[in-house]
Amino acid sequence: MSMYESLLYIAIALFVAILLLRAFMFRRSTKTEAARQEAERLAAEEAARPNA
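Below is a summary of the structure that appears in this document. (Residues numbered from 1 in each chain as written. Predicted model: local features only at pLDDT ≥ 70, side-chain atom pairs only at ≥ 80, totals over all residues. Heavy atoms only, no water.)

## Some points on the overall build of the chain
Each helix and strand counted, the chain has one helix and zero strands in total. The buried share of the chain, taken over its 52 residues, is 0%. Of the side-chain charges in the chain, 7 are positive and 6 negative, and the distance between the mean point of each set is 3 Å. (Helix = DSSP H or I, 4+ residues; strand = E, 2+ residues; numbered from the N terminus. Buried < 20%, exposed > 50% of the residue type's maximum accessible area, 1.4 Å probe, protein only. Lys, Arg positive; Asp, Glu negative; His and termini not counted. Charge placed at Lys NZ, Arg CZ, Asp CG, Glu CD.)

## Some remarks on the pattern of salt bridges
In the structure shown here, the tally under the stated rule is five salt bridges. Taking the shortest distance from any N to any O, the salt bridge between Arg-36 and Glu-40 comes out at 2.4 Å. Placement of both Arg-36 and Glu-40 in helix α1 (residues 3–48) is noted, with a separation of four residues, approximately one turn of the helix. The class for Glu-40 is partly exposed, based on a relative accessible area of 43%. Between Arg-41 and Glu-38 there is a salt bridge, with the nearest N and O atoms lying 2.7 Å from each other. One end of the pair, Arg-41, and the other, Glu-38, are both in helix α1, three residues apart, so they sit about a helical turn from each other. Residue Arg-41 is classed as partly exposed on the basis of its relative accessible area, which comes to 40%. Residue class for Glu-38 comes out partly exposed when judged on its relative accessible area of 38%. (Salt bridge = Lys/Arg side-chain N within 4 Å of Asp/Glu carboxyl O.)

Structure (structure tokens):
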């Protein structure tokens with residue numbers, strides 16, 4: 001295997017790893033965003049309910 005071949009494989013592996021990392025981070029951020037919106041909705045319902 002030549003040096004250029006190994007560099008090419010390393011570049012491809014890095015590219016794939018970055019894509020996977022970005023996809024994972026995006027999924028995690030959307031999950032936390034959904035949880036935050038749910039918490040806001042519950043807080044709004046609690047505030048709208050008359051205190052008994």
